[in-house]
Amino acid sequence: MDTAIDQSHHAVHYVNRVGWLRATVLGANDGIVSTASLMTGIAASGADGQTILLTGVAALVAGAMSMAAGEYVSVSAQSDTERADLAKERHALAVQPEQEWAELRDIYVERGLTSDLAGQVARQLMEADALGAHARDELGISDIATARPVQAALASAGSFAMGAAPPVVVAAIAPAGSAIMAIVCLSLLCLALLGYVGARLGGAQVVRSMGRTLLWGALAMAVTAGAGHLFGAAI
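Residues numbered from 1 in each chain as written. Predicted model: local features only at pLDDT ≥ 70, side-chain atom pairs only at ≥ 80, totals over all residues. Heavy atoms only, no water.

**Looking at the packing of helix H3 (residues 49-95) against helix H5 (residues 115-137)**
Inference 1: Here H3 crosses H5 at 145°, and the two axes come no closer than 9 Å. Two packed elements cross with a definite hand, and for H3 against H5 that hand is right-handed. Between H3 and H5, the residues in contact are Leu86, Glu89, Arg90 and Leu93 and Met126, Ala130, Leu131, His134 and Ala135, respectively. (Axes fitted to C-alpha atoms, helices over the stretch in contact; angles between N-to-C directions. Helix = DSSP H or I, 4+ residues; strand = E, 2+ residues; numbered from the N terminus. Left-handed = near helix turned anticlockwise from the far one by under 90°. Contact = heavy atoms within 4.5 Å.)

Here it is as structure tokens:
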């Protein structure tokens, strides 16, 4: 019984994966969809195989760098905000500790504790780690949700490149006449696999995850191919 309780206590929950999982799934999905859509659009315009391949390579490199830069900038902004809030909280704890204790106590009262028990809990937590207690329960900042700009940038860039690689590879080996079909089929297969893996890692429903991933990917490729066909016919 004790062993079972201990194992349950140390179980890894899905929410612990949310930071890297979001960036990885987003990057891979964007890599597949944007690269495959761009390549099918160029192919539908009547471009030759070399142009289609060059388009895919350019999309892979530019997309990976864009994802890295976008994630780094946005997560850095979040990190700056967190640091500013923590600095304000640290100052408040130094100049008005009793008011900060009362604030923490009231938070626990709102969550269902009696006032006396909430006061005791707040006091003990502040004695152990006052800033950590306020960061977690007042500001909502925890180790799980803490912004990590470099980690997010690397995860997004790497996952984008992995997602973009299959359509680029198939364009390099497929005959020019069947490039569109090969790119679309492989990309849809990769999207289905991504939806499955993402659902399994995140504890979501597999069918729903695969369905929405395939739907939006297919729609993006169809619209882009249509635009490429119209543009090719116009010129």
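**With respect to the side chain of Glu89**
Inference 1: Relative to the elements of secondary structure, Glu89 occurs in helix H3.
Inference 2: For the buried Glu89, no salt bridge exists, and the shortest N-O distance to an oppositely charged side chain is 7.7 Å, to Lys88.
Inference 3: Excluding its chain neighbours within four sequence positions, the residues that come into contact with Glu89 are Glu100, Glu103, Leu131, His134, Glu138 and Leu139. (Buried < 20%, exposed > 50% of the residue type's maximum accessible area, 1.4 Å probe, protein only. Lys, Arg positive; Asp, Glu negative; His and termini not counted. Salt bridge = Lys/Arg side-chain N within 4 Å of Asp/Glu carboxyl O.)

**Quick notes on the nonpolar core**
Nonpolar side chains in soluble globular proteins generally cluster together in the buried interior.
Inference 1: One finds Ile32, Met39, Ile52, Ala171, Ile183 and Leu191 to be the most contacted residues of the largest nonpolar core, which totals 17 residues.
Inference 2: Broken down by secondary-structure element, the contributors of at least two residues to this core are helix H2 (18-44), helix H6 (149-173) and helix H7 (179-202).
Inference 3: Of all the elements, H2 adds the most residues to this core, at six residues.
Inference 4: If we skip the residues at most four places from it in the chain, Ile52 touches Met39, Ile42, Ala43, Ala47, Ala171, Ala179 and Ile183.
Inference 5: Counting ten residues, the second-largest nonpolar core is a separate cluster that includes Tyr108, Ala118, Met126 and Ala133. (Core = buried A, V, L, I, M, F, W, Y, C linked by side-chain atoms within 4.5 Å.)

By themselves, these observations are geometric and do not establish any function.
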